[in-house]
Amino acid sequence: MSGPTAGKAAPAREARTLAQVYRRFGEVDAGTSPLHQRVAVALSESEEALRAIETAPARKRHPALILAALHDLALAGRAPGLAAAYATAASGDGTARDDAAAAAVDTLLRMTDAVVATVAHRRLRDDETGRCAVLYPAVAEAARRVGANAVALIDIGCSAGLNLTVDRVGITYDNGQSLGDPSSPVRQSCSIVGGRPVPTTAMPRVVARIGLDPDPVDVTDADDARWLRACLPPDQPERTARLGAEVALAAAAPPLLLRGDPVDVLPEAFALVPEDALPVVTTTWALSRSTLDGRLRFLHRLDEAATHRTVTWVSAEGVGVAPAIPTLGDRRASGHSTLGLALFDHSTLRAEAVGRSWSQGRMMAWLAG
């Protein structure tokens, strides 16, 4: 008797654990999306829905990924009932969100294979920019220090290439400063912490835009662009509109995307940079996904490239994540990130923390002299 009983108990424990994961996501982790909150809780309360989710690989059962796959079906026109329910709930009340949650459960049960197929070859994307406000002054400062008249941007991990439009975005700071293109259809704003202004140096001409990622997103591909939108909650129209503008801007002059481990393909990227341009490698909250060994290999690759030319690295990473960048005595998990600027010139490395950032680029303090 003990054998069969134990065999039946294990799946029940697993289902309860998955239910708890989805309930916590709905009650705690879904952030500012009331719709995602309600849908996640509804999924946690449906045994059939949980069994459907369990048909996906274990590492692909995260609530945000399953919700994105359902949203993708709605955006693609494959689940019109869900699309209509989401549209109503986006501007509706609690009853409309309850109806949307029921539609999401129904869609998952009817289209389990489609949801599982989507999550099997997709991963969550966080490709909204909002990061150009911290990147622009740091890239311009790197070029100024080297005396470069042209730069080549090499971005690690933001695979849709939205960071690579940094010079084509209009940026305003709440102290009255502005940088970038004032006529750009993409506008970003940033709050300044402390009294020190950001440098007003203009970024020099960008002659190459190269993105490195294991799974790059081609913004000129309709399916890829739709997936970026699907990763946003359906009830956040302002973020959706901003992402749409950013994708359109990137698609107007698509970057060159190199697929593979960024550390492995960095030499290929450097080989594509014209001799008269300064390579500027950028990482924005990307290195935390790598091991310490991987981050040190990345640093070594930059050092190797600098045996033949000057190379710079601009980083916005959690405190202590970017190797060689000073932490200014800040503690890890302190709630802000460090803006780093590293110059590799033959055997010389000069690394400096030029600022701090909060909310992934929406607030910053410039520290460099």
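Residues numbered from 1 in each chain as written. Predicted model: local features only at pLDDT ≥ 70, side-chain atom pairs only at ≥ 80, totals over all residues. Heavy atoms only, no water.

Colleague: Help me understand the overall build of the protein, please; the structure alone is not making it clear to me.
Modeller: Assigned secondary structure in the protein consists of 12 helices and 11 strands. For the protein, the C-alpha radius of gyration of 23 Å lies close to 21 Å, the compact-globule estimate for 369 residues. Here the C-alpha coordinates of the protein stretch approximately 75 × 50 × 40 Å along the principal axes. Buried positions account for 53% of the 369 residues belonging to the protein. Taking the contacts inside the protein whose residues are at least 6 apart along the sequence as the reference set, 70% of them involve residues at least 24 apart. Accessible area for the protein stands at about 16,100 Å²; split by element, carbon and sulfur atoms hold 51% of it. Of note, the protein has its 39 positive side-chain charges centred 3 Å away from the centre of its 42 negative side-chain charges. (Helix = DSSP H or I, 4+ residues; strand = E, 2+ residues; numbered from the N terminus. Rg over C-alpha atoms; globule rule 2.2 N^0.38 Å. Buried < 20%, exposed > 50% of the residue type's maximum accessible area, 1.4 Å probe, protein only. Contact = heavy atoms within 4.5 Å. Areas by Shrake-Rupley, 256 points an atom, 1.4 Å probe, with all protein chains shown as cover. Lys, Arg positive; Asp, Glu negative; His and termini not counted. Charge placed at Lys NZ, Arg CZ, Asp CG, Glu CD.)

Colleague: Help me understand the environment of G294, please; the structure alone is not making it clear to me.
Modeller: Here G294 lies in helix α12 (residues 292-305). Here the alpha-carbon distance between G294 and L108, two residues 186 residues apart in the chain, equals 37 Å.

Colleague: Please clarify how the sheet that holds strand β7 (residues 278-284) should be interpreted in this entry.
Modeller: Strand pairing within a sheet occurs via backbone hydrogen bonds; the two strands may be parallel or antiparallel. Sheet architecture is open: 11 strands sit in the order β3-β2-β4-β11-β10-β9-β8-β7-β1-β5-β6, paired in mixed fashion. Where the open sheet ends on each side, the last strands, each with one partner, are β3 (178-180) and β6 (256-259). The sheet shows a mean angle of 25° between the axes of neighbouring strands, direction not considered. Pairing between strand β5 (residues 205-213) and β6: 4 bridges, direction parallel. By the bridge assignment for β6, D213 is matched with R259. (Pairing = 2+ DSSP bridges. Axes fitted to C-alpha atoms, helices over the stretch in contact; angles between N-to-C directions.)

Colleague: What's the story with the pattern of salt bridges in this structure? I'm lost.
Modeller: Pairing between side chains of opposite charge can happen when their charged atoms approach one another. Counted according to the given criterion, the structure contains 20 salt bridges. Notably, a salt bridge pairs E45 with R23, separated by 2.8 Å at the nearest N-O pair. In this pair, E45 sits in the loop between α2 (34-44) and α3 (47-53) while R23 sits in helix α1 (residues 2-29), placing the two residues 22 residues apart along the sequence. A relative accessible area of 30% means that R23 is categorised as partly exposed. Among the salt bridges present, the one from R356 reaches D330, with a minimum N-O distance of 2.8 Å. (Salt bridge = Lys/Arg side-chain N within 4 Å of Asp/Glu carboxyl O.)

Colleague: Even after reading the chapter, I still don't get the packing of aromatic side chains, so can you show me in this structure?
Modeller: Each aromatic ring pair is characterised by the separation of its centres together with the angle its planes make. As enumerated under the stated definition, the model contains 1 aromatic pair in all. Ring plane angle 80° and centroid distance 5.2 Å describe the contact between F298 and W313, whose orientation is recorded as edge-to-face. Of this pair, F298 sits in helix α12 while W313 sits in strand β8 (residues 311-318), and the two are 15 residues apart along the sequence. There is no split in this pair, since F298 and W313 are both buried. (Phe/Tyr/Trp six-rings, centres within 6.5 Å; stacked < 30°, edge-to-face > 60°.)

Colleague: Is there a simple way to think about the environment of P237 in this case?
Modeller: If you trace the backbone, P237 turns up in helix α10 (residues 237-252). When the C-alpha atoms of P237 and S91 are compared, they prove to be 9.6 Å apart, with 146 residues separating the residues in sequence.

Colleague: It is not clear to me how the layout of surface pockets should be interpreted in this structure. Could you clarify?
Modeller: Empty space among the atoms becomes visible once a probe the size of a water molecule is rolled across them. There is about 480 Å³ of room inside the largest pocket. Residue lining of the largest pocket: 21 residues in total, with R125, C231, L232, P233 and R239 positioned closest to the centre. The set of elements that each furnish at least two residues to the lining of the largest pocket consists of α1 and α10. Looking at the lining of the largest pocket residue by residue, the class counts come to 9 nonpolar, 6 polar and 6 charged. Each pocket or cavity is described by its volume, and for the second largest pocket that value is around 300 Å³. What lines the second largest pocket is a set of 16 residues, among which I156, D261, P262, A286 and S290 lie closest to the centre. Broken down by secondary-structure element, the contributors of at least two residues to the lining of the second largest pocket are α11 (262-271) and α12. Per-element tally for the lining of the second largest pocket: the top contributor is α12, with 4 residues. (1 Å grid on protein atoms, 1.4 Å probe; cavity = no way out; pocket = protein on both sides within 12 Å on 5 of 7 lines; lining within 4 Å. Points joined across faces, edges and corners; volume = space filled by probe spheres on them. Nonpolar A, V, L, I, M, F, W, Y, C, P; charged D, E, K, R; others polar.)

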